[in-house]
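# Tertiary structure, described
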Amino acid sequence: MAGIILLTAMAAGGISLWLKRRKTQNELERNQNDLSDNF
């Protein structure tokens, strides 16, 4: 029972971290594109 709870919590945490990392990566790419458009 505890294993199921831990597995679920770890999966949720991993997905959360993945989404945050993907969001920041998209923002960085967008900022680089904006900077290259200015030059």
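Below, the structure is looked at part by part. Keep in mind it's a predicted model, so treat the numbers as computed, not measured.

## With respect to the overall build of the chain
When helices and strands are counted, the chain shows one helix and zero strands. Each principal axis of the C-alpha atoms in the chain carries an extent, and together these give about 60 × 5 × 5 Å. Buried positions account for 0% of the 39 residues belonging to the chain. Carbon and sulfur atoms make up 64% of the accessible area of the chain, which totals about 3,900 Å². Charge-centre separation for the chain: the mean point of 5 positive side chains lies 14 Å from the mean point of 4 negative side chains.

## Quick notes on a nonpolar patch on the surface
On the surface, Ile 15, Trp 18 and Leu 19 cluster together into a nonpolar patch covering about 310 Å² of accessible area. You can see Ile 15 is positioned in helix H1 (residues 2-38).

## Overview of the environment of Asn 33
The residue Asn 33 is located in helix H1 in this model. Taking the C-alpha atoms as reference, Asn 33 lies 32 Å from Ala 12; in sequence the two are 21 residues apart.

## Looking at the environment of Leu 6
Tracing the backbone through its elements, the reader meets Leu 6 in helix H1. In sequence terms Leu 6 and Arg 22 are 16 residues apart; their C-alpha atoms lie 24 Å from each other.

Basis of the calculations
- Residues numbered from 1 in each chain as written.
- Predicted model: local features only at pLDDT ≥ 70, side-chain atom pairs only at ≥ 80, totals over all residues.
- Heavy atoms only, no water.
- Helix = DSSP H or I, 4+ residues; strand = E, 2+ residues; numbered from the N terminus.
- Buried < 20%, exposed > 50% of the residue type's maximum accessible area, 1.4 Å probe, protein only.
- Areas by Shrake-Rupley, 256 points an atom, 1.4 Å probe, with all protein chains shown as cover.
- Lys, Arg positive; Asp, Glu negative; His and termini not counted.
- Charge placed at Lys NZ, Arg CZ, Asp CG, Glu CD.
- Patch = residues over 30% accessible without salt bridge, like charges linked within 9 Å, V, L, I, M, F, W, Y side chains within 5 Å.
- Salt bridge = Lys/Arg side-chain N within 4 Å of Asp/Glu carboxyl O.

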